[in-house]
Amino acid sequence: MTSFCCLLAALAVVADDQGGISVLRQGTPVISSFRLDCGTNAVFQKSYAKLKDGTKVWNRWSEDPESSGRLEIAERPDGAVEITMAGRVACKSENRTRLLELTVPASLVDGKAYSSIEANTRSYAEQHGEFTAATKALSSRFLAVDGLVFDFNALGAGTYASQRNSWHIKRQSDGSFVLAYGGEIPGWIGGGNGAKLVVREGRFEDFGRLHSLKDFRYANEFLAKFNLGFGSSARGRKWRNGNLPYNRKRSYGWTDVRGCEPVGGSAEAGVLYSAVGGSKPATYRIGGLPDGWYILTLAAGNYGGVANRFEVWANGSPFLSSQTVPAGKAKTVSRVVHSRGGEFELVFSGQWLLSSISLQAVLYDYEDFSLSGKPWRSDGYEPRSINRNDSLAKPFAPGSFVDVVDLPAPGTECAGTPRETPTPVMLPEKSPDWIRNVRIFKAFTNSALLDELDTDADLAEYFERDVKPHNANTILLSGMLSRHTFVGNIDRGVEQVKRFSDEAHRRGYRLIDHFDVTLLWNACAGFRVMCERLDELNRSVHTGLPSYQFCIMNPKFRETFFNYCERIVAYCGADGLQLDEVEFWPHGCCCRYCREAFFRDTGWHIPQNELDPAWGRGSEFQRVFKTWRIRKATDFLGAVRERLRKVRPDLVLSAYTTPYGMTSPLMPLSHGRDILDVPRSANLFGIEVMTRSVMKSARSLFSCQGISSLITRTYGTPVWNWYYNSDWQNDYVSWAIASMTGQLALLSNVERPEGTPPYPGFSALKREGADTLAEVALLFSAENRNFSGNIRYADDILGTAQALDALHIPYDFIGDEILAQNQLGKYKVLMLGSAKVFTDRQKAALGAFADRGGKVYQEMGGAPFSMGSLKVGTKFSFSPDPDAEMAFREKVRSACQGATVWSVRAPKGVRSALWREADGALVAQFLNLTGVDNKPGETVTPHAPKVAFPKLAEDVEIVLAAPRGVKAVATSPDFTGQRELEVAGEAADKVKVVIPRELLSAYVLVRLVAPHNEITR
Ligand SMILES: [Zn+2]
């Protein structure tokens, strides 16, 4: 413990004769009572023990599965009181409450000033106030009042649970406050909760000395407390000058010299390109450090080619023994080290070199319950399967990382023309048939622990009760999302996946297991895993330091991960995998493996010099590097497939995104994962349609779903859409939009009253082998979305699509690959939007298209478009000028002359689609959206309009090319049976079909079949 702890007066825990416990400060209660609620009839066992280190521990627990729970109250030798609670609810138990309540007497808080930090650890927000009669409730994770600190999140901000659950602080009628954690565990399948609170004397200002992190997001870069550069003054803005004498205020510096001499290197390039050194021993001190676990990184660059051989000691232990750094190279060493006593002292001896020192704080001792610390102070009954003393029984084994990299001459790393990173297609020879009609049921939440459903009978009941009503054929199983961070639970998790998978298969379902690949948040013991597997981490391009994620290019990590996938597929029998967080993150990655692979693929180096202009925004290197990351994230999935080819040649790899994820350059550029590149490896693709207001968002949904269709067009991969609807009318429209765009709808489990059209089971378009009749192609280029510099790249092209929808002109979205492969045969018009960047192959394809008479249009200009998914609760703001909209449509209509395919006369608000099925039948589909009338300023609701599908004022009339004698038959969920429609001959090879208005209630499908079942145009 650091010295300031010892100055504090102690809190004392006292138990009365009845077993009631309170906490006193100098004889006055600060917590007057504890109540652990584990439902009715809970009978608690009690124990008291004094541990070897002097900690006094009171335990209350129930081992009865109907009321399983435990409360441990520990009076620690440092004067703090540590309160730990865990509860588990068995499957189907009626006793679903697991709640801990502490009472704080009014006298402690009345009229006192407080300082607090808002509960959710994803951000840091302070709150300062005074406890008055008006203070009814507080949401806090760290509360200081009257010389006491209530640390509700003693485990630190990186804890997974602290991003989701928090304590509630509520005033009671007598003025006292109840501090409560937990409550009813939702659902019936079982679950649990747990919390740790530390109460101590102290001040609000202590927070920074108790916790290493103010807040945490899993995509964060792991920032250093100290990033010190030596050598020349040329260094990036993440670095401070460390070559200074020590003083207390600065808290770092040399203790025995004023500063060290630079020893060769470059005066212009960054930190690794110069160094200080000497032949006399020198001591460097970093002070002001809370006791705890740190990652210490030293780097020595020998660009100057000086002789060296040296060792480094850290706090009296060897950190580096007899090292040399070869000329023209830099050596980086990271180790997880423990600091006690407030400072680090590094002693350099021999002929030594030093370019940088960095220190990252992992967890301070105070908050360490997962590295060398344990979740419970005393061993005993543990209700839950995670955060157990026994699961963390294996001693913490801190890892290390040593890397030697080249230091090329600055400015030469990105010379010449780079090679384009290859884009191999890594799909199975044949994907299984079942994915063409996949209907997914999502089992469990991401927070599930895979210990739910206690018995085989419970598991069977889950399938009957929860799965069956959904009419699904495939199960997406979630739970323990970052499986690798659940130390001590990984094998247990595998067994549970097998158990679930076996049951699913017995019942004829397919199983896709869902987990994440790279996250290292502190779910269970993620920070322990991060420290133990230090040589597998993503390293920041800003500093070279390890971060809170694995690197997907690291061979050791890949081997471990692929082995895990093999267990899931070969042993558990999963048919597919949904792998999340396969990416490089905003800050990654410049580890050795990324450097090597980047050079191999492109012929360029990732510049070691952080001052290289190549790192500037919009540089050619940035384009090449960011593109490379996108390719490698997709290739990672391909590598999973390759590795499992023997056990499962038709493995399903599933990927999904949102409409925003598809149209925005944010994910590809910042995180290094492009969902439009991923289908080179993933053979099942989905969109989570975020809007809860499908009918009101229909205008944009048609165009957004059009974009995802380019995946089917390029790779033959089916696309599903996940909807969240609250009524059957919106659900019906969701189903219809999917059918009209040739996709699958995963419908919501909404109430479908008696007499509702039976759309879920209705046989509409036969998607297998079907194609649109479009002669207009719209390019949606991922390259241009990412690198044209136009953040509104999608707008023009989506606006054009929306105009085409309104004009009933069929169109297809095509992507970069279709253009590159010159698969443009069916099109007469090609619209490029604002795309400016084309590869040579694409340019050649555009030339060939024009040569055979195809019309190419650049940006249409002035396209009014309604974007994305309308959010429920927001105000509808889209209000195009009607004249401008009409003018734009006219522009589009004239551009598409000769490529309109058919003509449709229908009331405004009717949508259409025209397909040809594999057997040649033409399929026209119509959707009645005339009831949707979005008014600017209106609040978006999830409900359908009062009259969802108004009666049409006129018939719908179509004229299209079809042979004489064709029969037109209408079917719909809105009426039973088939209706044969009248077909009139028009000019030459054209026919006119009238769909009487009473047949289009909500949706109607008209199939035109030639007498010999062959329609040609
Ligand atoms: Zn890497």
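Everything discussed here concerns the structure shown above.
The rules we used
- Residues numbered from 1 in each chain as written.
- Predicted model: local features only at pLDDT ≥ 70, side-chain atom pairs only at ≥ 80, totals over all residues.
- Heavy atoms only, no water.
- Helix = DSSP H or I, 4+ residues; strand = E, 2+ residues; numbered from the N terminus.
- Rg over C-alpha atoms; globule rule 2.2 N^0.38 Å.
- Buried < 20%, exposed > 50% of the residue type's maximum accessible area, 1.4 Å probe, protein only.
- Areas by Shrake-Rupley, 256 points an atom, 1.4 Å probe, with all protein chains shown as cover.
- Lys, Arg positive; Asp, Glu negative; His and termini not counted.
- Charge placed at Lys NZ, Arg CZ, Asp CG, Glu CD.
- Core = buried A, V, L, I, M, F, W, Y, C linked by side-chain atoms within 4.5 Å.
- Contact = heavy atoms within 4.5 Å.
- Donors = N, O, S within 2.8 Å, 3.2 Å for Na, K, Ca; no water.
- Tetrahedral: all angles 85-135°; square planar, octahedral: opposite > 155°, others 65-115°.
- Pairing = 2+ DSSP bridges.
- Axes fitted to C-alpha atoms, helices over the stretch in contact; angles between N-to-C directions.
- Phe/Tyr/Trp six-rings, centres within 6.5 Å; stacked < 30°, edge-to-face > 60°.
- Polar contact = N/O pair within 3.5 Å; in protein donor to acceptor, adjacent residues only side chain to side chain.

## Some details on the overall build of the chain
Okay, so step 1: Of regular secondary structure, the chain possesses 18 helices and 54 strands.
Okay, so step 2: Against the 2.2 N^0.38 benchmark of 31 Å for 1017 residues, the chain shows a C-alpha radius of gyration of 33 Å, consistent with a compact globule.
Okay, so step 3: Here the chain holds 1017 residues, and the buried ones make up 60% of them.
Okay, so step 4: When the accessible surface of the chain is totalled, it reaches about 39500 Å², and 50% of it is carbon and sulfur.
Okay, so step 5: Taken together, the 119 basic and 114 acidic charged side chains of the chain have centroids lying 2 Å from each other.

## Description of the nonpolar core
Okay, so step 1: If you look at the biggest cluster of nonpolar residues, it comprises 182 residues, and the most contacted ones within it are Tyr462, Phe500 and Val640.
Okay, so step 2: Among the elements that line this core, the one with the most residues is helix 9 (residues 620–644), at 10 residues.
Okay, so step 3: In this view, valine 640 contacts Phe561, Phe562, Cys565, Leu577, Leu579, Leu651 and Leu653; residues no more than four positions away in its chain are not counted.
Okay, so step 4: Core analysis: the next-biggest nonpolar cluster, separate from the first, contains 36 residues, Ile31, Ile83, Tyr114 and Leu148 among them.

## A closer look at the coordination of the zinc ion
Okay, so step 1: Listed as protein donors to the zinc ion are Cys551 (SG), Cys589 (SG), Cys591 (SG) and Cys594 (SG); their distances from the metal cover 2.2 to 2.3 Å.
Okay, so step 2: Around the zinc ion, the 4 donor atoms are arranged such that angles at the metal cover 102 to 114°; this shape is classified as tetrahedral.
Okay, so step 3: Sequence spacing of the donors to the zinc ion: C-x37-C-x1-C-x2-C.
Okay, so step 4: Look at cysteine 591 and you get buried, because its relative accessible area is 3%.

## Quick look at the sheet that holds strand 53 (residues 990–995)
In sheet architecture, strand pairing relies on hydrogen bonds along the backbone and comes in two forms, parallel and antiparallel.
Okay, so step 1: Pairing is antiparallel across the open sheet formed by 4 strands, whose spatial order is 46-49-53-52. Looking at which strands have only one partner, the edges of the open sheet turn out to be strand 46 (902–905) and strand 52 (983–985). Geometrically, the sheet is characterised by an average inter-axis angle of 20° between neighbouring strands, direction not taken into account.
Okay, so step 2: By the bridge criterion, 3 bridges tie strand 52 to strand 53 in an arrangement that is antiparallel. Across the sheet, the residue bridging to valine 983 is valine 993, located in strand 53.

## A word on unusual backbone geometry
Okay, so step 1: Cis peptide bonds are those with omega within 30 degrees of zero, and the linkage from glycine 588 to cysteine 589 qualifies with 0°.
Okay, so step 2: Counting through the fold element by element, cysteine 589 comes out in the loop between strand 36 (576–580) and helix 8 (592–602).
Okay, so step 3: Positive phi, normally seen in glycine, also occurs at serine 251, with a value near 70°.
Okay, so step 4: Following the sequence through the fold, serine 251 ends up in the loop between strand 19 (240–241) and strand 20 (252–254).
Okay, so step 5: A residue is classified by how much of its surface remains accessible, and serine 251, at 13% relative accessible area, is buried.
Okay, so step 6: For leucine 453, which is not glycine, the phi dihedral falls at a positive 60°.
Okay, so step 7: Relative to the helices and strands, leucine 453 resides in the loop between strand 31 (440–443) and helix 4 (456–467).

## Here we look at helix 8
Okay, so step 1: Burial in helix 8 covers these residues: Cys594, Arg595, Ala597, Phe598, Asp601 and Thr602.
Okay, so step 2: Against the buried residues of helix 8 lie strand 30 (400–406) and helix 9.
Okay, so step 3: Residue glycine 603 follows helix 8 closely and has a positive phi angle near 80°.

## Comments concerning the packing of aromatic side chains
Okay, so step 1: In the structure shown here, the tally under the stated rule is 63 aromatic pairs.
Okay, so step 2: Judged by centre distance (5.2 Å) and plane angle (40°), the ring pair of phenylalanine 463 and phenylalanine 500 falls under tilted. Taken together, the residues span a long stretch of sequence, with phenylalanine 463 in helix 4 and phenylalanine 500 in helix 5 (residues 490–506) at a distance of 37 residues. Both residues of the pair, phenylalanine 463 and phenylalanine 500, count as buried.

## Some thoughts on the side chain of aspartate 458
Okay, so step 1: Position of aspartate 458 relative to the elements: it lies in helix 4.
Okay, so step 2: One polar contact links aspartate 458 to lysine 92, side chain to side chain, over a distance of 3.3 Å.
Okay, so step 3: With residues up to four places along the chain from it excluded, the contact list for aspartate 458 reads Cys91, Lys92, Trp188 and Leu453.

Treat this as a map of the structure, not an account of what it does.
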